[in-house]
Structure formats: C-alpha cells, structure tokens
Amino acid sequence: TLEAQTKTLLTNFIRFHKTKSTIKNIYWTKPDHLHITLRFLSHIEEDKLSLLIKNVETQLTQEKIIPFFLNSKELLLFSTRHEKILTLEIESNDALMQLVELINVETGKLGFQRETRDFKPHITLGRIKNNLGITLLSVALSSVNVPNIS
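To start, this report covers the structure provided alongside it. Quick caveat, the model's predicted, so the values are computed rather than measured.

## Description of the packing of aromatic side chains
Link 1 in the chain: Throughout the structure, instances matching the rule amount to 0 aromatic pairs.
Link 2 in the chain: In this structure, Lys48 packs its charged tip against the face of Phe112, placed 5.6 Å from the ring centre.

So, in structure tokens, the structure goes:
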C-alpha cells in the first residue's frame, strides 16, 4: 500500500496536470486506485486471495523483510494493444525485488503460472485511449518535474 503522504503527492500531481494540460484525452487514475502492481493476477477467487494474503504475511514475518522506501525515477509513456499508459517509474531495490519474488512463489503454490516478464516497478497515473496529443504529451513529459516519493 502506498503511504498517505505519497498518495497525496501523486493526487496533487494528477490534479495539477488534469487542470493545466492541453491534452484532454487522458483518463487519470483515481487517487484510491494508485498502487504498484507486484503481480497481476487478473481474476482470483476470494478464498484464494485470502490464502495468498495470509501466506505472504507469514513469509514476510519469517523472512524479516522490513519496510522500505521507494524512489521515483521518471515519467514514462508505454503502449499496449489498446492504449498508451502514463506511468511514474519506480527505482527497483533489493527489498522490492525480494517481495516480488516472494509473491511469485506464493502465487505459484496456488496454481498460478510464474510471471515470465521482467518486473518494471511503476505507478499508473493515467491512460490514453487514442493517439491524439501523444506527440505533444511526449514532449511535455520531458519538462515535467517528477514527484519524489521516497
């Protein structure tokens, strides 16, 4: 979970750019939906989710993974088949990677296939459904001050 201070910082960042941006086709992430995806599971039954949370919490105490800080790197724009995604890239660190590996192991025990793609820590700030303004947004991103969330 992102700390309240981090959510507030990112919410203010989104609010500012939502009102000041000349690009109107960005669907900004709602403050309550700001997060770092450690493992995308699509659909998961409630009982499996409860078991996963319990198992991960148990492992966290046994492996003594301590709370850690996240540092932001830069704003990125990347493409999927259906949209462009505006993200705040997060600097990877050993504790974060240890947590991701722990979740991969625990999801594997529940029958999920191991994630084969490289983990790229980020927070999704918005989605762009069409290409209108993409070039303008790419240029604008180069001059935006990235909020430091460490």
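## Structural notes on the pairing of strand E2 (residues 72-79)
Link 1 in the chain: Here E2 pairs with strand E3 (residues 84-90) via 6 bridges, running antiparallel. Within the sheet, the bridge partner assigned to Phe78 lies in E3 and is Ile85.
Link 2 in the chain: Hairpin connection between E2 and E3: a loop of 4 residues separates the two successive antiparallel strands.

## Digging into the environment of Lys84
Link 1 in the chain: Along the chain, the position of Lys84 falls in strand E3.
Link 2 in the chain: Once the C-alpha coordinates of Lys84 and Ile26 are considered, the two residues, 58 residues apart in sequence, prove to be 9.3 Å apart.

## Some details on the environment of Phe119
Link 1 in the chain: The topology assignment puts Phe119 in the loop between helix H3 (94-109) and strand E4 (122-128).
Link 2 in the chain: Separated by 18 residues in the primary sequence, Phe119 and Glu101 place their C-alpha atoms 9.8 Å from one another.
Link 3 in the chain: Phe119 has contacts with Ile36, Thr37, Leu38, Leu96, Met97 and Val100, leaving out every residue within four places of it along the chain.

## Topic: the sheet that holds E2
Link 1 in the chain: Across the sheet, 4 strands lie side by side as E1-E4-E3-E2; this open sheet has antiparallel pairing. The outermost strands of the open sheet, each flanked by one partner alone, are strand E1 (26-28) and E2. Averaged over all adjacent pairs, the angle separating strand axes in this sheet is 25°, with direction ignored.
Link 2 in the chain: Those strands touched by helix H1 (residues 4-20) are E1, E2, E3 and E4, and its axis lies near 20° from that of E4.

## Description of the pattern of salt bridges
Link 1 in the chain: Tallied over the entire structure, the rule returns 5 salt bridges.
Link 2 in the chain: A salt bridge links Lys73 to Glu89; the shortest N-O distance between them is 3.5 Å. Of this pair, Lys73 sits in strand E2 while Glu89 sits in strand E3, and the two are 16 residues apart along the sequence.
Link 3 in the chain: Taking relative accessible area as the criterion, Lys73 reaches 44% and is therefore assigned partly exposed.
Link 4 in the chain: Taking relative accessible area as the criterion, Glu89 reaches 17% and is therefore assigned buried.

## So, H3
Link 1 in the chain: Spanning 16 residues, H3 covers 23 Å between terminal C-alpha atoms, matching the ideal 22 Å at 1.5 Å per step.
Link 2 in the chain: Buried within H3 we find Leu96, Leu99, Val100, Leu102, Ile103, Asn104, Glu106 and Thr107.
Link 3 in the chain: Packing partners of the buried residues in H3 comprise helix H2 (46-63).
Link 4 in the chain: Of the residues that open H3, the one with a side-chain oxygen 3.1 Å from the backbone nitrogen of Ala95 is Asn93.
Link 5 in the chain: Positive phi appears at Gly111, one or two residues downstream of H3, with a value of about 95°.

## Focus: the packing of H2 against H3
Link 1 in the chain: With their axes 10 Å apart at the nearest point, H2 and H3 run at an angle of 135° to one another. Taken together, the axes of H2 and H3 are oblique relative to one another. The hand of the H2/H3 crossing is right-handed. Between H2 and H3, the residues in contact are Leu52, Asn55, Val56, Gln59, Leu60 and Glu63 and Gln98, Leu99, Leu102, Ile103, Glu106 and Thr107, respectively.
Link 2 in the chain: Residue composition of the contact of H2 with H3, by class: 6 nonpolar, 4 polar and 2 charged.

About the cut-offs
Residues numbered from 1 in each chain as written. Predicted model: local features only at pLDDT ≥ 70, side-chain atom pairs only at ≥ 80, totals over all residues. Heavy atoms only, no water. Phe/Tyr/Trp six-rings, centres within 6.5 Å; stacked < 30°, edge-to-face > 60°. Lys NZ or Arg CZ within 6 Å of the ring centre and 35° of its normal. Pairing = 2+ DSSP bridges. Helix = DSSP H or I, 4+ residues; strand = E, 2+ residues; numbered from the N terminus. Contact = heavy atoms within 4.5 Å. Axes fitted to C-alpha atoms, helices over the stretch in contact; angles between N-to-C directions. Salt bridge = Lys/Arg side-chain N within 4 Å of Asp/Glu carboxyl O. Buried < 20%, exposed > 50% of the residue type's maximum accessible area, 1.4 Å probe, protein only. Expected span 1.5 Å × (residues − 1). Polar contact = N/O pair within 3.5 Å; in protein donor to acceptor, adjacent residues only side chain to side chain. Parallel < 35°, antiparallel > 145°, perpendicular 65-115°, else oblique. Left-handed = near helix turned anticlockwise from the far one by under 90°. Nonpolar A, V, L, I, M, F, W, Y, C, P; charged D, E, K, R; others polar.

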